[in-house]
Amino acid sequence: MYYQSTRGKIRGLSFKDAVMMGLADDGGLLLPESIPTLSPGDIAAFSKLAYPELAFQILSRFVGDIPSADLKALIDRSYQSFSHPEITPVEHKDGVYILELFHGPTLAFKDVALQFLGNLFEYLLRERGEKMNILGATSGDTGSAAIYGVRGKENINIFILHPHGKVSPIQELQMTTVVDPNVFNLAIKGTFDDGQRIVKEAFGDLEFKEKHALGAVNSINWARVLAQVVYYFYAFGRVSLQTGCREIYFSVPTGNFGDIFAGYVAKRMGLPIKKLILATNENNILSRFVRNGDYSIDKVVQTHSPSMDIQLASNFERYLYYLFNQDSERIVEAMALLQKTGKLSFGSEDMDRVAEDFLALSVDDAQTLQTIRDFHASTGYILDPHTAVGVKAGRELAGGEVPVVCLATAHPAKFSDAVRKAIGLEPQRPSSLEGIENKEKRCVVIDADTRRVKEFVQNNAI
Ligand SMILES: *Cc1c(COP(=O)(O)O)cnc(C)c1O
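Below is a short write-up of the structure. Worth saying up front: this structure is predicted, and the values here are computed from it rather than measured.

Definitions and limits used
Residue numbers here run from 1 along each chain, matching the order of that chain's written sequence. Per-residue local features are limited, in this predicted model, to residues with pLDDT of at least 70; the limit for side-chain atom pairs, both in listing and counting, is 80 or more; totals at the level of whole chains, interfaces and linings are taken over all residues. Each side-chain value is worked out from all heavy atoms of the structure, with water and hydrogens disregarded. Throughout this description, buried means an accessible area under 20% of the type-specific maximum (1.4 Å probe, protein chains only), exposed means over 50%, and partly exposed covers the range between. Helix and strand definitions follow DSSP, with helices as H or I runs of at least four residues and strands as E runs of at least two, each counted in order from the N terminus. Pairing between two strands requires that DSSP report at least two bridges joining them. A clockwise course of the path from the first strand over the helix to the second, judged with the strands pointing away from the viewer, identifies a crossover as right-handed. When a carboxyl oxygen of Asp or Glu lies within 4 Å of a side-chain nitrogen of Lys or Arg, that pair is called a salt bridge.

### So, the pairing of strand E7 (residues 183-189)
Taking burial as the measure, the seven residues of E7 include six buried ones, the bulk of the element. Pairing geometry for strand E6 (residues 156-163) and E7, over six bridges, is parallel. Across the sheet, the residue bridging to Pro163 is Ile188, located in E7. On the question of chirality, the crossover connecting E6 to the parallel E7 by way of helix H7 (residues 169-176) is right-handed. Judged from the four bridges that link them, E7 and strand E15 (residues 444-447) form a sheet pairing that is parallel. Following the sheet pairing, Ala187 is matched in E15 by Val445.

### Quick notes on the pattern of salt bridges
In this structure the tally under the stated criterion is 24 salt bridges. Salt-bridge contacts for Arg126 lead to Glu154; the nearest nitrogen and oxygen are separated by 3.7 Å. Taken together, the residues span a long stretch of sequence, with Arg126 in helix H5 (residues 110-128) and Glu154 in the loop between helix H6 (141-150) and E6 at a distance of 28 residues. According to the relative accessible area criterion, Glu154 is partly exposed, its value standing at 44%. Residue Arg420 pairs with Glu426 through a salt bridge whose shortest N-O separation is 2.7 Å. You can call Glu426 partly exposed: its relative accessible area is 49%. One continuous salt-bridge network, built from bridges that share partners, spans Arg77, Glu122, Arg126 and Glu154.

Structure representation (structure tokens):
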């Protein structure tokens, strides 16, 4: 299995090299040269497997250069940190299936991929005798999931910038109470955009980047997408065992097109997904694209589902590559046009193909809170606001006898303000959050200044 860039200049990379490269050196995103397909018999057999075994079955089809025993060990270790024996259990509530992806250490779905990526980085660095300094900016969920992915690991230090006082108290505590010596929290006196700008400038200084072996953990890393493919198969297995269904809908709350792209890969592998339902909040560039081919960048607005307050979806280029029949030249042209004009448009032939795979809905804040309220009233189950966006879209768009699985991307206790607004109740805290306010903390407050941040990295790099 080899990997190539959407922009056509990078080819023939092994899986391990694709993971270490992250963003392709030609500015594109890495994808397998071909996506392996599975027979209905293979897929039916998967429904009997426990999550780590299933993960091995899927991942091994994309990984050609890690011995099976090592890959198995990496997978097993990655999912031991989950608090639920099923890793990603499926709950049937009021006609929909809720795929709970929030039983990892930071209570959001990003743990599913980042627990694996952290172990994989450690394995590859040890093998190569190299070190890495991860530098990233976060508005909340990614930072804590990345920190938990690499805390205590050998040959890796991690530096995460968050806007001082501007992330939710739980998100801040989840980051700053990790006091392992390889973890550095930098609270910058500025905004999330300042953080992103500083990180970009540090990576743009090639001498600095080389010298400190800077690494990234953002959602463009292929290993993250791959780890997320697994739970689509897992959920189909559970639901088809219960119902005998031959087809299924998935409703996916999205902002960066990462999670839903993993579903698209599962569909291309042969999983019988009737449609992928793409659910956005008011930052609706992706749902506008699916509904009427309008991919035009707008201002980011703040919503109750902040992890989806994104306009430029970093993984969208991967989907465009398939929509454009794997034509790299067309991708290069489209990306240049997007950069220049802030928009892309699509003809009816393209849109017919989009409609074969996707449905979409944009859900506003009032509808999000109403969905949390209605769902709680009818089932007693509390949805987090991101999940509620997906449940609303799933209910509205799935039809007939085909079951719908809604991806639950965060635990409600992580977004308790929105939940309280909706139902006037405090969601029960899982044990990992109990007493978190009283734990030891480590965090440095620093000016939103690239020079100061680079100095700090330099002094603390591994
Ligand atoms: C990151 C995140 C999302 C969006 O993920 P995508 O990869 O953009 O689909 C949704 N919900 C939560 C809770 C998140 O943390």
